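Listed here are the chains, written in short residue letters.
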Amino acid sequence: MCGIVGYIGPRQAADVLLSGLARLEYRGYDSAGIVVNGEQPDLEVRKTEGKLANLRQLLADRPVQGKSGIGHTRWATHGPPNEVNAHPHLDCSGKIVVVHNGIIENFAQLRTQLVSSGHRFVSDTDSEVIAHLIEHYLHHVADQDRPSERDFLQAVTQTIMRLEGAYALAIMHRDFPDMLVAARKDSPLIIGHGVGENIIASDIPAVLEYTHEVVVLHDGELALVHADDLEVFNLSLERLEPELMDIEWDLADTEKGEYEDFMLKEIYEQPRALRDTLRGRMADDGTLQLSELAMSDDEIRELRHVYLIACGTSYHAGRIAKILIERWAQLSVDVVASSEFRYGSPLIDEHTLIVAITQSGETTDTMAGVTEAHLKRARVIGITNVLGSRITREADGILYTVAGPEIGVAATKTFTTQIAAVTVLALKLAQVRGTLPQAEIEALFAELSRVPDLVERVLADTDAIVAAAALFEGVDSSLFLGRGIGVPVAMEGALKLKEISYIHAEAYPAGEMKHGPIALITSRVPVVAVATSSATHEKVLSNVAETQARDARVLLVGTQGDQKLAALADHVIYVPEVSELLSPIVSVVPLQLLAYHVTKARGCNPDMPRNLAKSVTVE
């Protein structure tokens, strides 16, 4: 969740830390802080409650100088978001300082033991125990007045072996201004490798201003970082060979450019992202190219069941994938929220395929499901947007979405590219299993390849969407309806609205309205329905008419040329015609823009919704 940046090199560390934290603020903005190891006899700590702007002002008033430092922007778990609980956290001596992303599950037990040994805590966080534990072990492995770098590294190793839970750590010691330590388990951490400088970060955007070469730390690894050197170790302090990875993202991809908000920019980037995700997926002979699945045709034919596991927006992509795979590949499919998957009793064996969808590739609940699946001998395919992320190492096969960095907390382009990826996957399964004629597969892929053009048409004329946002003025609740493949689209539309505008929104299959939810209908509860061309189109309109008869204000997303819609709605947003099973990408875009414009009208920040962060790396 939280953002971590560490720097060591020739530049002023505070400048690099602030720049990096600004690019990671989507990971948490409850509080922020930095520490610099500089010219003063003590570490220079600056931290504040609230967003990064508060820290920037504090540093303007009380600047710090130094060539190494670590910083943090927080999404609160243990302890309220205030200055005391903001990172960095120090030990009793004031020499050891830590920033941490994740949750230390046994922190209460560790804290009790440390307090009984004389350690003094000042925060409510689980993270502070890490600094005190390092102090404890350093006292036992070295002369406290003159520890060596190796002593410090050993103390860090002993500390993290005591930790239960997830962590990404950047650590400093006052007496070693030329050294940082990084470590990870179940939370992402990379090191940007520059010329005479190195940058620790919890996500790629923080390093792109300085380098495109990164080392991705794996679970159970730690790194000793100097300005001109980088060593990676396992927990036995055996040296490992770091693997450099070149990142193709541009710095401009992480900036707003001409747009007021990242979310709006990323909505408009969807045609490009979709084209990049689909590029090269069909050979000249009509064979779908998914060699990354690492499955033979025989293994695909032997499949008996598919589970899709995901969280949040990715879960809605999974709901769409279920419909496509069942219809085209004729395989039974279950879609399970990742947080529930491993605590249930899923029926899994070697003939089961697990498709794990995670934008970040690090989502804790989804990765726990991947581990569970492997224990039961299932094959796992991951769908992610991030090269080198945890799922790319733990899944048997990977499908990448090529959306580029997504900074806005509310997923937009990563959702539509996930739909594109699962559509190609469903067609590939059907092709190998022989459940769709080849001509139909080629026709569907050709139409899918034209979908980015249709999205561009939606984005070219948004006047009706802006006008429809007025329906939500002064309301507290809304209902989103759909049938068939329109249900997950409605679910995603409802999620977008509530997560950034804070208007309560519920999504239902339209036919379920009369089984309870219709009791909520009043003139102050807008109804949004996905009413594009489909096999159940007339039934959707009948369900909408039932809400209109009870004074609901209605917004319909419908297919261009459908003359019946205007009589049933206060507002209609028309989208280009496309085959029913390919329609979600086109029909969800107006709902993304609707949520955006409602949010702006309410004076909320669409890029930084309260209580949320971009990637969820805690359970």
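This text gives an overview of the structure that appears in the document. (Residues numbered from 1 in each chain as written. Predicted model: local features only at pLDDT ≥ 70, side-chain atom pairs only at ≥ 80, totals over all residues. Heavy atoms only, no water.)

Within strand β19 (residues 379–384), five of the six residues are buried, which leaves the element mostly enclosed by the surrounding structure. Where strand β18 (residues 352–357) and β19 come together, five bridges link them in parallel fashion. Of the residues in β19, the one forming a bridge with Leu353 is Arg379. With respect to chirality, the unit in which β18 leads through helix α11 (residues 364–375) into the neighbouring parallel β19 is right-handed. In the sheet, β19 pairs with strand β20 (residues 397–400) via four bridges, with the strands oriented parallel. Looking at the pairing, Thr384 lines up with Tyr400 of β20. (Buried < 20%, exposed > 50% of the residue type's maximum accessible area, 1.4 Å probe, protein only. Helix = DSSP H or I, 4+ residues; strand = E, 2+ residues; numbered from the N terminus. Pairing = 2+ DSSP bridges. Right-handed = clockwise from strand over helix to strand, strands pointing away.)

This brings us to the sheet that holds β18. As a general point, the strands of a sheet are linked pairwise by backbone hydrogen bonds and lie either parallel or antiparallel. Overall, parallel pairing links the five strands, which are arranged β17-β16-β18-β19-β20 in an open sheet. One side of each edge strand has no neighbouring strand; the edge strands of this open sheet are β17 (332–337) and β20. Averaged over all pairs of adjacent strands, the angle between strand axes in this sheet comes to 20 degrees, irrespective of strand direction. Sheet topology note: the strand β16 (residues 305–310)/β17 ladder contains six bridges and is parallel. Looking across to β17, one finds that Val306 is bridged to Val333. (Axes fitted to C-alpha atoms, helices over the stretch in contact; angles between N-to-C directions.)

For the pair helix α13 (residues 413–433) and helix α14 (residues 438–460), the least separation of the axes is 10 Å and the interaxial angle reads 170 degrees. In terms of orientation, α13 lies roughly antiparallel with respect to α14. Contacts between α13 and α14 involve Ala420, Thr423, Val424, Leu427, Ala430 and Gln431 from the former and Gln438, Ile441, Leu444, Phe445 and Leu448 from the latter. Broken down by class, the residue content of the contact of α13 with α14 amounts to eight nonpolar, three polar and no charged. (Parallel < 35°, antiparallel > 145°, perpendicular 65-115°, else oblique. Contact = heavy atoms within 4.5 Å. Nonpolar A, V, L, I, M, F, W, Y, C, P; charged D, E, K, R; others polar.)

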